[in-house]
Amino acid sequence: MPGLLRGVARTAVVAGTATAVSNRVSRRQAGRWQAQQAEAQDPYAQAPAAQQQPPPPAPAGMDDKIGQLKQLAELKEQGILTDEEFAAQKARILNG
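## A word on the overall build of the protein
Looking only at helices and strands, one finds three helices and zero strands in the protein. Across the 96 residues of the protein, 4% fall into the buried class. When the accessible surface of the protein is split by element, carbon and sulfur atoms take 57% of a total near 8500 Å².

See the structure below:
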């Protein structure tokens, strides 16, 4: 008899877990369908972020210039370059 009760209890637990999971999946799917219907009914709704245009890429040389300016600033902070040398090199990088 104890083995029978254990088997019935195990079956009840498995069935209860399966029901809970099934209900959660059903609610999630119903929410998705409702969102799709709302989107289809509102033609003036904003496009999702994934469909928006990405920002234009920075010019190819800009990354190089930024890296050079960072190195230049580090040299100035270390005392290797004077203010005048820093300004001259900065102007050369930005104008070139």
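## Observations regarding the pattern of salt bridges
One pass over the full model with this rule turns up one salt bridge. Notably, a salt bridge pairs D83 with K76, separated by 3.4 Å at the nearest N-O pair. D83 sits in the exposed class, given a relative accessible area of 51%. For K76, a relative accessible area of 34% translates into the label partly exposed.

## Here's the deal with the packing of aromatic side chains
Taken as a whole, this structure holds zero aromatic pairs when the rule is applied. The ring of F86 is capped by K76, whose NZ or CZ atom sits 5.0 Å from the centre of that ring.

## Description of the confidence of the model for the protein
Looking at the protein, pLDDT values average 77 and 73% of them are 70 or higher. Looking over the protein, one finds the lowest element-wise mean pLDDT in helix α1 (residues 2–41), namely 76, and the highest in helix α3 (residues 83–95), namely 89.

## What about the environment of L94?
One can find L94 in helix α3. Taking the C-alpha atoms as reference points, L94 and L69, 25 residues apart in sequence, are found 8.8 Å from one another. Not counting residues up to four positions away in its chain, the partners in contact with L94 are K65 and L69.

## A short note on a positive patch on the surface
A cluster of basic residues, R24, R27, R28 and R32, forms a positive patch at the surface. For R24, the location among the structural elements is in helix α1.

Rules behind the numbers
- Residues numbered from 1 in each chain as written.
- Predicted model: local features only at pLDDT ≥ 70, side-chain atom pairs only at ≥ 80, totals over all residues.
- Heavy atoms only, no water.
- Helix = DSSP H or I, 4+ residues; strand = E, 2+ residues; numbered from the N terminus.
- Buried < 20%, exposed > 50% of the residue type's maximum accessible area, 1.4 Å probe, protein only.
- Areas by Shrake-Rupley, 256 points an atom, 1.4 Å probe, with all protein chains shown as cover.
- Salt bridge = Lys/Arg side-chain N within 4 Å of Asp/Glu carboxyl O.
- Phe/Tyr/Trp six-rings, centres within 6.5 Å; stacked < 30°, edge-to-face > 60°.
- Lys NZ or Arg CZ within 6 Å of the ring centre and 35° of its normal.
- pLDDT = per-residue confidence, 0-100.
- Contact = heavy atoms within 4.5 Å.
- Patch = residues over 30% accessible without salt bridge, like charges linked within 9 Å, V, L, I, M, F, W, Y side chains within 5 Å.
- Lys, Arg positive; Asp, Glu negative; His and termini not counted.
- Charge placed at Lys NZ, Arg CZ, Asp CG, Glu CD.

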